[in-house]
Amino acid sequence: MVQQPELRQNSPMRSIGRVLKSLGNYRWTSLGALISVLLLTVANAVTPQLFRWGIDQGIAPRNLQIVLYSAAWMVVAAIARGLFNFGQSYLAEAASQGVAYDLRNKIFSKIQNLSFSYHDQSQTSQLLTRVTSDIEQIRTFVGTSLIQVIGGLITLVSIAVILLIMNWQLALITLSAVPISAWLMARFVNRNNQLFGQIQQQLGNLNAVLQENLLGIRVVKAFVRESAEKSRYTTLNDALVTANMQTIRAIRNTFPFIFLLSTLVTLAVFGYGGIQVIFGSFSIGELVAFNSYLVLIFQPILLIGFAAPAIAQAAASATRVFEVVDAAVEIRDRPNAMLFDTCGGRITFENVSFRYPGATTEALKNVSFETKPKELIAVLGMTGSGKSTIMNLIARFYDVTGGAIRIDGRDVRDFTLQSLRSHIGIVFQESTLFSGTIRDNIAYAKPNASLEQVIEVAKTAQIHDFVISLPDGYNTIVGERGVGLSGGQKQRIAIARTLLTDYSILILDDSTSAVDAKTATQIQAELDDLMQQKACVTFVVAQRISTVKNADRILLIDKGQLVAQGTHEELMRISPLYGVILESQIQHHQVKS
Ligand SMILES: Nc1ncnc2c1ncn2[C@@H]1O[C@H](COP(=O)(O)OP(=O)(O)OP(=O)(O)O)[C@@H](O)[C@H]1O
């Protein structure tokens, strides 16, 4: 049974746990960052003590030497703070880059392995967002928020202990403000968590419209929908700004309270501490030092507060990324799968049925046939009848949901995918080329092919003359900034690309639909020879009368069923449907050309 794309239950906490675990690959860098945080805390904690020393032992008794010493140590502490601060953020960033690098590679190779059915059901823009923006969220969490929280907690605890040791009464006044500010921060995060999630979502929606418009700009222009698209984008853009403004308002509403609280605490410390100084139970130096610690104790609360939404966002992003990483690969090698090396030419469909994942009806129902060596099989049927599906099943882009497909008696599922697919040459309906030169594109599956080999297949595919007419010939760049190619030219490059592989089964799925009739006949004539030499069986989805006439056998497909098979003459005699389809589907002008 073909499965749905997996939505494994990765809880946000579990996902964050997995991100932290992946730091194991960068354990020395992470350890370095942690040590830097600890040393930074020490340097931070020491500085007020130097003040205390300088004031109580230097300024008060007018001892210049101690004042100078304490000033010198303060410089040392400041340099140390700078160094450890740099070390902490540099090392944390380095570890975060490593984690993001690993995740990007992991998700990319997973995307390569995922079956057609996964890609059928997932949105390209969603996958793009996961590889880019979600991984960036995770990176920011590892590089910034995580270290903020760890550093914040260490500072909070260590400074609280120092304050208690210095003056427990003043410490209790100060620390009473900590739970209040923590509560304010928690309330802020809880209230706005959804809002932060919404912002990501809205950013994703905005990007989806942008991507759709970039890909479909021709359609937009042809249908004069520019202003409609602009207003669709503007509406989403407005929603994003509104959500962003809401968070800014929320921040404005919460943080002044925390600042007010810290000011009140400072005043209380000044008042109560001042009384203690006057009565001689606390020195001026201690009061100044105590006051300096106040800044250090409120800073972590703010930092942890700021980090909290980023952590929540990173957890959501990690969940989305791991959904892809964990998705089940439906089409995979069986244990002990064997190599497919030779093809005798007997391909058997045994009661094959197939239903696309999520579809309610079967695309193929009980299809049975067997090919003979060197046969040229034309597959004919109305649009949507299941022709491409037959081709997809041979190469195991999907696995049958009923029955079996065998090659020389062996179930296709018993072969390794790699050996099976590398012996099947397939030209798809849509010819996708990659950015690079024409030569690179033709030699896509065989990057080491010589120019002579490339030219040979290009000649067979009737594209050579066009290529050499270009100023850069085979080195012409195709794709985004390169030369634009017509649909027919792309198809011919795609045919050449397939011909260069080590195919023994050749599948041409509507592969000359965009090529003019005369050229298609020439390609066909060239292919006839090749098919005799190299292919053990050839399947062609037929759109031209010459193809069906040329075929050894025609499979007539109707609504997912094989309704008739035979040569052109036989089918003309026995199948009324054949005549109807020929009339409606096949390009008759071919006969004249
Ligand atoms: N990826 C898919 N997911 C769900 N259903 C699909 C998918 N691809 C095709 N189908 C459905 O399966 C049926 C057969 O499609 P198929 O592409 O095999 O037809 P076809 O005969 O090759 O059509 P055409 O000549 O138009 O290319 C159609 O009803 C189609 O809607």
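Parameters at a glance
- Residues numbered from 1 in each chain as written.
- Predicted model: local features only at pLDDT ≥ 70, side-chain atom pairs only at ≥ 80, totals over all residues.
- UniProt positions renumbered as here; feature names shortened; annotations may be inferred.
- Helix = DSSP H or I, 4+ residues; strand = E, 2+ residues; numbered from the N terminus.
- Rg over C-alpha atoms; globule rule 2.2 N^0.38 Å.
- Buried ≥ 20, exposed ≤ 12 C-beta atoms within 10 Å, placed from the backbone.
- Contact = placed C-beta atoms within 7 Å.
- Axes fitted to C-alpha atoms, helices over the stretch in contact; angles between N-to-C directions.
- Parallel < 35°, antiparallel > 145°, perpendicular 65-115°, else oblique.
- Nonpolar A, V, L, I, M, F, W, Y, C, P; charged D, E, K, R; others polar.

If you check an unreviewed UniProt entry, the protein chain appears there as ABC transporter ATP-binding protein from Nostoc piscinale CENA21. Within the UniProt record for the protein chain, the comment given under Subcellular location (unreviewed entry) is "Cell membrane".

**Quick notes on the overall build of the protein chain**
Helices and strands together make up the secondary structure of the protein chain, namely 20 helices and 12 strands. On C-alpha atoms alone, the protein chain measures out to a radius of gyration of 35 Å, which is more than a quarter above the 25 Å that the 2.2 N^0.38 rule sets for 593 residues. For the C-alpha atoms alone, the extent of the protein chain along its principal axes is close to 120 × 55 × 45 Å. Residues counted as buried form 34% of the 593 residues belonging to the protein chain. Considering only contacts in the protein chain between residues 6 or more positions apart, those separated by 24 or more positions represent 80%.

**Observations concerning the environment of Lys 387**
With respect to the helices and strands, the residue Lys 387 is situated in helix H10 (residues 387–394). Among residues more than four places away in sequence, those in contact with Lys 387 are Val 379, Gly 381, Val 541 and Ile 557.

**Considering the packing of helix H3 (residues 64–113) against helix H9 (residues 284–325)**
Two numbers describe how H3 lies on H9: the axes approach to 9 Å, and their chain directions differ by 40°. Taken together, the axes of H3 and H9 lie oblique to each other. Residues Leu 103, Lys 106, Ile 107 and Lys 110 of H3 lie in contact with H9, whose contacting residues are Val 321, Val 324 and Val 325. Looking at the contact of H3 with H9, its residues break down into 5 nonpolar, no polar and 2 charged.

**Describing the UniProt feature "transmembrane region" (unreviewed entry) in the protein chain**
Taking the UniProt record as the reference, the feature "transmembrane region" (unreviewed entry) is found at residues 28–46, 66–84, 146–165, 171–189, 255–279 and 291–312. Structurally, residues 66–84 comprises 100% helix and 0% strand, and the distance from its first C-alpha atom to its last is 26 Å. Note that residues 255–279 is 96% helix and 0% strand, and that its end C-alpha atoms are spaced 36 Å apart.

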